[in-house]
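Here's the letter readout for the chains.
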Amino acid sequence: SWFTESMEAGRPVLVEAKHCIQKPSLQLKKTLPANPLPTVSQYACQRRTTLDNHNKVFTDALEVLIENYEFSDNKGACVGFRRAASVLKSLPKPLRCLKDMEGLPCLGDDTKAIIEEIYECGSSSRVENILSDEKYQTLKLFTSVFGVGPKTGDKWYRRGLRALEQVHSEPSIQLNKMQAAGFLYYEDISKPVSRAEAKAVGCIIEEVASCFSSSVTITLTGGFRRGKEFGHDVDFLLSIPEPGKEDGLLPAVIDRLRKQGILLYSDLQESTLQQWKRPSRCFDSMDHFQKCFLIVKLWTRLVEGHREDPSSRRDWKAVRVDLVVPPVDCYAFALLGWSGSTQFERDLRRFARLERRMLLDNHALYDKTTNTFLQAKTEEDIFAHLGLDYIEPWQRNA
Ligand code: DCT
Ligand code: MG
């Protein structure tokens, strides 16, 4: 049977032809090509994925499943649905009919069944059940606190806790420093950070970093580099062109922010690159750069286009900021790694490993065939080493 698209309450609905008032003739159907889509790679690094997601109805549904599997630590199921959602995000147009899914990689039977149900009923019962599940709702709430992951969230849930206030007022719960900050600034840091706010934070970091060395460069990475207008934090790479001069940069930055009275939280992680350089090193998704996770106090007046809000109790907002300091010879790898998206990075590594016998991480690219490290000054160099067409940051929203 074949399907035709109609709109109902703003969502696409596929209706079987026999129910349609205007039936296209069978003759016409035969001559119509089945929405020809170019061949789609199974690797996100061979696709161009802008923020213009034409299949949001489906990817939003899949993301609920992914999140739920993350809560139960079901890695296998996560991988499958993440890849499926990522393929859908890369498509140049909405799926018009079930036939459009033919030939697309990474769409398993589960994904196809969910898409089919959304077409037929407007929603997926499997997704709706999760959304109304108390455990899902509670874990979503708990893990929205900075410093609280699925394990901690689950522990609190199993103790019968359901609301943030309950956790906070439970005397037997010892929050760590990160979680305490997460609760203290919850109202602010659970709100998205705008691009204008990210820019204002950039100016502050640039100013304090330049006190350490006038040659520091600062680059906005993460979602904002990919063109997103909002993010959950602001990610920056800090770099000093002279090798070895970066030691002490982040402690100095943190110290200055503290003296200015705008440091609300800091977690400094010293570089562990020496360990990574040992022969026993392994390639993994954790990187070994000097970095810090901060919460800074951003004065509202520093944000371009801000409007006075007389109802607002405060003239500042707490913002989550990550600063990473890669040494110059790792800079291109660090930039590529920290630009994301996380799914794009996963597929870059998987492509390198499976298709090129190479190991890629945030520090280096290693060729297992020739047993050599491949040097790169720019992201373009890395794509070229991998034999991949260059994908611009704004096309990496996989
Ligand atoms: N990343 C990494 N190593 C880490 C953490 C993150 O390589 N230990 C990468 C993956 C994406 C990028 O850095 C930025 O991370 P996030 O801020 O979590 O992602 P984002 O894409 O910037 O999302 P958001 O817009 O919500 O901040
Ligand atoms: Mg980010």
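See above for the structure.
Below, the structure is looked at part by part.

With that out of the way, let us pick up the pairing of strand 8 (residues 290-299). Counting buried residues in strand 8 gives nine out of 10 residues, a clear majority hidden from the surface. Judged from the six bridges that link them, strand 7 (residues 263-269) and strand 8 form a sheet pairing that is antiparallel. By the bridge assignment, Tyr 265 is partnered in strand 8 with Ile 295. Looking at chain direction, strand 8 and strand 9 (residues 316-325) are connected through 10 bridges and run antiparallel.

Turning our attention to the coordination of the magnesium ion (ligand 2). Coordination sphere of the magnesium ion (ligand 2), protein contribution only: Asp 233 (OD) and Asp 235 (OD), at 2.1 Å. Asp 233 sits in the buried class, given a relative accessible area of 7%.

Here the focus is the packing of aromatic side chains. In the structure shown here, the tally under the stated rule is 10 aromatic pairs. Relative to Tyr 119, the ring of Phe 58 lies with its centre 5.4 Å away and its plane at 70°, an arrangement referred to as edge-to-face. Here Phe 58, found in helix 2 (residues 56-71), pairs with Tyr 119, found in helix 4 (residues 109-121); they are 61 residues apart in sequence, far enough to count as distant. With respect to burial, Phe 58 and Tyr 119 carry one shared label: buried. Pairing Trp 156 with Phe 183 gives two aromatic rings, centres 6.3 Å apart and planes at 50°, and the pair type is tilted.

As a further point, take the sheet that holds strand 9. Spatial strand order, 4-6-9-8-7: five strands in an open sheet with mixed pairing. Whereas interior strands pair on both sides, the edge strands pair on one side only; in this sheet they are strand 4 (217-220) and strand 7. Ignoring which end each strand starts from, the neighbouring axes of this sheet average 25° apart. Strands strand 4, strand 6 (234-239), strand 8 and strand 9 of the sheet are contacted by helix 11 (residues 195-212), whose axis makes an angle of about 25° with strand 6. Along the sheet, helix 13 (residues 249-259) contacts strand 6, strand 7, strand 8 and strand 9; its crossing angle with strand 8, the most-contacted strand, is approximately 20°.

Turning to its location among the elements, Ile 130 is positioned in helix 5 (residues 125-131). In the structure, Ile 130 is positioned 11 residues away from Tyr 119 in sequence and 19 Å away in space, judged by C-alpha atoms. The residues touching Ile 130, leaving out its near neighbours within four places in the chain, are Val 64, Leu 65, Asn 68 and Tyr 136.

All right, on to helix 2 then. Between its first and last C-alpha, helix 2 extends 22 Å over 16 residues, near the 22 Å set by a 1.5 Å rise per residue. Among all positions in helix 2, only Phe 58, Thr 59, Ala 61, Leu 62, Val 64, Leu 65, Ile 66, Glu 67 and Phe 71 are buried. Where helix 2 is buried, its residues touch helix 3 (75-90), helix 4, helix 5, helix 6 (134-142) and helix 7 (150-158). In the segment just after helix 2, Asp 73 is the residue with positive phi, at about 60°.

Okay, the nonpolar core next. Phe 236, Leu 238, Leu 257, Leu 294 and Leu 323 are the most contacted members of the largest nonpolar core, which has 31 residues in total. Every element with two or more residues in this core is listed here: helix 11, strand 6, helix 13, strand 8 and strand 9. Element by element, the count of residues in this core is highest for helix 11, at seven residues. In contact with Leu 238, other than residues within four places in its own chain, are Ile 205, Ala 209, Val 216, Thr 217, Ile 218, Leu 249, Leu 250, Val 253, Leu 323, Val 324, Val 325 and Pro 326. In terms of nonpolar packing, the next biggest core, distinct from the first, is built from 28 residues, Phe 71, Val 87, Leu 98 and Ile 115 among them.

To continue, consider the side chain of Glu 197. Here Glu 197 lies in helix 11. With relative accessibility at 14%, the residue Glu 197 sits in the buried group. Reaching out from Glu 197, the side chain makes a polar contact with the side chain of Lys 317 at a distance of 3.0 Å. Leave out the neighbours within four places in its chain, and Glu 197 touches Pro 192, Leu 298, Val 303 and Lys 317.

Rules behind the numbers
Residues numbered from 1 in each chain as written. Chains lettered and ligands numbered in written order. Predicted model: local features only at pLDDT ≥ 70, side-chain atom pairs only at ≥ 80, totals over all residues. Heavy atoms only, no water. Buried < 20%, exposed > 50% of the residue type's maximum accessible area, 1.4 Å probe, protein only. Helix = DSSP H or I, 4+ residues; strand = E, 2+ residues; numbered from the N terminus. Pairing = 2+ DSSP bridges. Donors = N, O, S within 2.8 Å, 3.2 Å for Na, K, Ca; no water. Phe/Tyr/Trp six-rings, centres within 6.5 Å; stacked < 30°, edge-to-face > 60°. Axes fitted to C-alpha atoms, helices over the stretch in contact; angles between N-to-C directions. Contact = heavy atoms within 4.5 Å. Expected span 1.5 Å × (residues − 1). Core = buried A, V, L, I, M, F, W, Y, C linked by side-chain atoms within 4.5 Å. Polar contact = N/O pair within 3.5 Å; in protein donor to acceptor, adjacent residues only side chain to side chain.

As far as function goes, none of this settles anything; it's purely spatial.
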